[in-house]
Structures are given as structure tokens and as C-alpha cells.
Amino acid sequence: MQTSKILTSLIVLLLFSSISSPASADHVWDHRYTISGEVTTQGGKGVYWMPVSVDCSDGNATDPSLCGLNSGREDSTGLFGSYSIQLHIHTADQGKLLVLDVNGERVEHIIDVTGPDGVQDEEDRFADLDIVLIQEPGFANTFLATIIAILIFIGGAVLLFINYTKPKKTIGEKVASHSRKTVKIDCPECDAKVKPANLINHLKTVHKLDEKTAEDMASNN
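Residues numbered from 1 in each chain as written. Predicted model: local features only at pLDDT ≥ 70, side-chain atom pairs only at ≥ 80, totals over all residues. Heavy atoms only, no water.

### A look at the pairing of strand 1 (residues 32-40)
Both strand 1 and strand 4 (residues 82-88) contribute to a ladder of 7 bridges, which runs antiparallel. Opposite Ile35, over in strand 4, you have Ile85 as the bridge partner. Note that strand 1 and strand 7 (residues 126-128) share 3 bridges and pair parallel. Looking at strand 7, one finds that Ile35 is bridged to Ala127. In this sheet, strand 8 (residues 131-132) lies alongside strand 1 in parallel orientation, the contact comprising 2 bridges. In the sheet register, Thr40 faces strand 8, and the bridge partner there is Val132. (Pairing = 2+ DSSP bridges. Helix = DSSP H or I, 4+ residues; strand = E, 2+ residues; numbered from the N terminus.)

Put into C-alpha cells, the structure is as follows:
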């Protein structure tokens with residue numbers, strides 16, 4: 001039962017690491033604004049485990065009026081390079097500049113909460129923004145690195161399972177095993193201590209006794 005709980009916890013942890021986590025305190029739809037899409041290389045390959053964050057640094061970044069409620073909002077790309085960031089945006093923020101930081105690259109987005117018809121609806125609170133990186137990402141953000149990470153995770157789970165399911169000796173069994181390995185008896189002919197299984201051979205080789213005499217002495221010892 002304990003092993004099953006551990007494996008379940010590890011699997012849930014891996015799943016949560018590859019999906020977007022919703023922002024808190026955004027309780028009604030006209031306060032939410034979600035930007036989602038894919039981050040890819042110039043060759044069209046998805047970029048994995050790449051942080052995508054709201055840039056509220058000094059200078060040519062996100063409109064300061066947006067940063068009060070959205071500074072620190074970020075997501076990390078998961079499978080196929082997908083990401084999703086949920087923001088706290090009001091109707092008065094229409095047309096303001098939001099800047100995303102993706103691996104040090106600046107990606108601009110203009111807030112649009114009214115859509116093409118100029119009327120604010122809930123569906124207008126979802127914006128698609130696919131990002132193509134100018135620079136190639138590092139190895140840690142490649143598909144191969146993702147496969148290696150998954151294999152390491154599976155390997156660790158298997159080792160945990162084996163460790164918790166293999167039979168374990170009780171304290172009594174360990175003591176008995178240790179005693180069998182270390183017990184020795186006195187030789188009837190000298191002061192030497194030998195293992196019981198080696199007594200006959202000791203009497204024959206060291207004390208030059210014949211087979212029958214050695215066996216008789218060993219049986220009486």
C-alpha cells in the first residue's frame with residue numbers, strides 16, 4: 001500500500017510539472033485574460049521546459065499599470081512546447097502593451113478584450129500567441145532531454161518499487177545468520193579454535209590422526 005502511494009505521488013508530480021497552473025484570485029471571467037500557444041524553434045520543433053514569463057523589468061517592457069497584478073506570472077512549456085499564462089486584466093487595460101520574456105527574447109502582445117466586433121465577450125479573454133525563437137534553445141529544452149528525464153523518473157520509480165517490495169530479514173534471522181558464520185569450537189588436541197565443519201580436517205592434517213579417530217573425536221566434542 002505504501003509503495004502504491006509513493007508511485008502515485010511521483011506520477012501526479014510529473015503530470016503537474018508539464019501542465020499550466022492556473023493563477024489564483026481571478027474570480028470572474030472579465031478579470032481573467034489567458035495567453036496560450038506554442039514555443040517552437042526556427043525549424044518548427046517544440047521547445048520543452050522553457051519558462052515564459054511576464055516581463056516587468058525596467059525599460060521597454062510591460063505597461064507598468066499591468067505589472068501590479070501580473071508581475072511574476074509565468075508558465076513553463078510542456079509537451080509539444082505548449083504554454084498558457086492566466087493574467088488579471090480589466091476592461092480599462094484594452095490596448096496596453098504586455099511583454100513576455102522567453103529565454104531572454106522579447107515577445108510583444110497588445111491586450112484586446114473586445115475582439116473584432118468591439119463588444120467584450122468571454123471568448124475575447126483568450127488570446128493565441130505562438131512564439132518562434134530567434135536563437136536555438138539549449139540541450140535541456142530539447143526532446144532528447146525530455147526523454148532522458150522521463151527515463152530517469154521511471155528508473156527511480158522502479159528502484160523505489162523494488163526496494164519496498166523485496167523481502168526483508170527480521171532481527172532474529174539476522175542474528176542467527178551472523179551466529180552461524182562466526183561460531184567456532186575448541187580443538188580437543190590443542191588450543192586452536194576451528195569451525196565445526198573443519199574440525200575433522202584439522203585433526204587429520206595438523207595432528208596426523210586417521211579418519212576414524214578424527215571422526216570419533218569430532219563427534220564427542
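Now, onward.
### Points about the pattern of salt bridges
The full count for this structure, using the stated rule, is 5 salt bridges. Salt-bridge contacts for Lys96 lead to Asp93; the nearest nitrogen and oxygen are separated by 3.1 Å. Note on Lys96: relative accessible area 21%, which makes it partly exposed. Exposure remark for Asp93: the relative accessible area of 7% places this residue in the buried category. Lys212 is the partner of Asp216 in a salt bridge, and the nearest nitrogen-oxygen pair spans 3.2 Å. (Salt bridge = Lys/Arg side-chain N within 4 Å of Asp/Glu carboxyl O. Buried < 20%, exposed > 50% of the residue type's maximum accessible area, 1.4 Å probe, protein only.)

### What to know about the state of the cysteines
Tallied over the full model, the rule gives 1 disulfide. In this structure Cys187 is not part of a disulfide, and its nearest cysteine sulfur, from Cys190, lies 3.5 Å away. Residue class for Cys187 comes out buried when judged on its relative accessible area of 5%. (Disulfide = S-S within 2.5 Å.)

### Some words on the side chain of Asp55
Position of Asp55 relative to the elements: it lies in the loop between strand 2 (51-54) and helix 2 (64-70). Those residues in contact with Asp55 that sit more than four places away from it in its chain are Ala61, Thr62, Val99, Leu100 and Asp101. (Contact = heavy atoms within 4.5 Å.)

### So, the side chain of Ser53
Among the secondary structure elements, Ser53 is positioned in strand 2. On the basis of relative accessible area, Ser53 is assigned to the buried category, the value being 17%. Not counting residues within four places of it along the chain, the set of residues in contact with Ser53 comprises Arg73, Glu74, Ile85, Val99, Leu100 and Asp101.

### Thoughts on the pairing of strand 6 (residues 105-110)
Only one face of strand 6 is covered, namely the one carrying Glu105, Val107 and His109; the face carrying Arg106, Glu108 and Ile110 has none of its residues buried. The sheet contact formed by strand 5 (residues 97-102) and strand 6 spans 6 bridges and is antiparallel. Within the sheet, the bridge partner assigned to Val102 lies in strand 6 and is Glu105. Counted between consecutive antiparallel strands, the loop separating strand 5 from strand 6 contains 2 residues, among which Asn103 sits at a positive phi close to 55 degrees.

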